[in-house]
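# Examination of the molecular architecture
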Amino acid sequence: MRTHFSPPAFFEGVRDMAPMLLGIVPFGMVCGVGAIAAGASPVAALAMSMIMFSGAAQIVATQLLAAGAPFAVIVLSCLVVSLRLLMYSAALAPYLRALDNRWRNLLSFVLTDQAFAGTLQRFRASDDLAANASYFLGSGALLWVVWQLATVAGILAGQIIPASWQLDFVVPLCFIAVLVPLLRDRISILVFAVAAIAVVVLDAMPLRLSMICGGLLAIGAGVLADEMTSRAARRKTR
Amino acid sequence: MSRELTIWLLIFAVGAITYTARLSFIALFARRDMPPLLAEALKHVPVAMVTAIVVPAVVFMPPGVLRIDPANAKLIAALAAGAVAWWSGSAGPTMAVGRTAAATIAVGMGVLWLLRYLMGQP
């Protein structure tokens, strides 16, 4: 089906995404700072933001690079962090199925945690396909542009701000802001605990494998706990 | 392999991964549903991986040396930031996310700088 671009919905998407920038700008800056600190040239640092366009993957890549991890381990770790995008892709797919390929390829490129969170509610509320797609594109385009500007600011700041300010600590802080609100149920807290303990215990593993192994162990623990609780619930209803 | 070449190869390899993951169910397997076990596992990816990224950055100082004590300024700053994220993250859905991040970063950096000043570190 041919979909028409709707400028009002596009700008509505831009407007609704604006409050999110408070969290995006420092994160993007840190990605710029981190890439430079890991030895990337300014052009490569910006290319990282333009092409990977994922704060989590960029941070993982630059931190592991700085820690001297082998290429394959870095790629594998980035792959595991990027798995959550599969979840967003699957959740949005039913609403985007009727779009033509060009639109789907374009919207996929700007699918991020923030764009997902911002558009899912609207998709559920309205079935105007053209307006929804344009709204998504507006949200995603704003995030992409601001992400690049923030990265450039970080590349510049990284060369001016002294290391004693410890700006690199903004990285864990950004992730804490994402993580803590997710810890609202017992299984999430279990997954958190397993990941935290495993990553510390496994720290001595060679090739900086501790992050990926700790994460995978915690995911396994979460799946197991889900299975056990749903089995217990089934037994109760019987 | 030079550092710069490695970085460019990484950019394209990881870029291909992130784009493929984004495209996956929207375009590549648009006609298929996600296997239930995969869906269950993916649900836990954010908490598991973000924890595995954050915890080492906070409890090891310098790298490889475990420091879970009040003299680890990063640990205390992270706990303060976590408290802010908990309190501010419960406020509401989507649009609160940006505010939560800004407040968490501000408090975390503020506490870190204050503690380092009090401990007489530069």
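Our subject is the structure that appears above.
Let me begin by describing the structure that accompanies this report. It should be emphasised that the depicted structure is a prediction, and the values quoted were computed from it without experimental measurement.

## Side note on the interface of chain B and chain A
Counting residues at the interface gives 73 residues for chain B and 84 residues for chain A. In this structure, the connection of chain B to chain A is made through one salt bridge. Here Asp-226 of chain A ties to Lys-43 of chain B by a salt bridge, and the two come within 3.3 Å at their closest N and O atoms. Taken together, the connections running from chain B to chain A amount to 18 residue pairs in polar contact (both at pLDDT 80 or more). For the side of chain B that touches chain A, the secondary-structure elements that each account for two or more residues are α1 (3–28), α2 (36–43), α3 (45–59), α4 (73–89) and α5 (96–118) of chain B. Ranked by the residues each element gives to the side of chain B that touches chain A, the list is headed by α1 of chain B, at 22 residues. When the residues that make up the side of chain B that touches chain A are grouped by side-chain class, the tally is 49 nonpolar, 15 polar and nine charged.

## Details of a nonpolar patch on the surface
There is a patch of nonpolar side chains on the surface, built from Phe-71 of chain A together with Leu-5 and Leu-9 of chain B and spanning about 250 Å² of accessible area. The class for Leu-5 of chain B is partly exposed, based on a relative accessible area of 45%.

## Concerning the packing of helix α10 (residues 170–179) of chain A against α3 of chain B
Contact pair α10 of chain A / α3 of chain B: the axes reach a minimum separation of 9 Å and the direction vectors enclose 140°. Crossing geometry of α10 of chain A relative to α3 of chain B is assigned as left-handed. In this structure, α10 of chain A contributes Pro-172, Phe-175, Ile-176 and Leu-179 of chain A to the contact, and α3 of chain B contributes Val-47, Val-50, Thr-51, Ile-53, Val-54, Ala-57 and Val-58 of chain B. For the contact of α10 of chain A with α3 of chain B, the per-class residue count stands at 10 nonpolar, one polar and no charged.

## Regarding the layout of surface pockets
In this model, the second largest pocket occupies a volume close to 1,100 Å³. The wall of the second largest pocket is formed by 37 residues, among which Gln-63, Ala-66 and Asp-168 of chain A together with Ala-57 and Pro-63 of chain B lie closest to the centre. Here the residues of the lining of the second largest pocket sort into 26 nonpolar, seven polar and four charged.

About the cut-offs
- Residues numbered from 1 in each chain as written.
- Chains lettered and ligands numbered in written order.
- Predicted model: local features only at pLDDT ≥ 70, side-chain atom pairs only at ≥ 80, totals over all residues.
- Heavy atoms only, no water.
- Contact = heavy atoms within 4.5 Å.
- Salt bridge = Lys/Arg side-chain N within 4 Å of Asp/Glu carboxyl O.
- Polar contact = N/O pair within 3.5 Å; in protein donor to acceptor, adjacent residues only side chain to side chain.
- Helix = DSSP H or I, 4+ residues; strand = E, 2+ residues; numbered from the N terminus.
- Nonpolar A, V, L, I, M, F, W, Y, C, P; charged D, E, K, R; others polar.
- Patch = residues over 30% accessible without salt bridge, like charges linked within 9 Å, V, L, I, M, F, W, Y side chains within 5 Å.
- Areas by Shrake-Rupley, 256 points an atom, 1.4 Å probe, with all protein chains shown as cover.
- Buried < 20%, exposed > 50% of the residue type's maximum accessible area, 1.4 Å probe, protein only.
- Axes fitted to C-alpha atoms, helices over the stretch in contact; angles between N-to-C directions.
- Left-handed = near helix turned anticlockwise from the far one by under 90°.
- 1 Å grid on protein atoms, 1.4 Å probe; cavity = no way out; pocket = protein on both sides within 12 Å on 5 of 7 lines; lining within 4 Å.
- Points joined across faces, edges and corners; volume = space filled by probe spheres on them.

So yeah, pure geometry; function would need other evidence.
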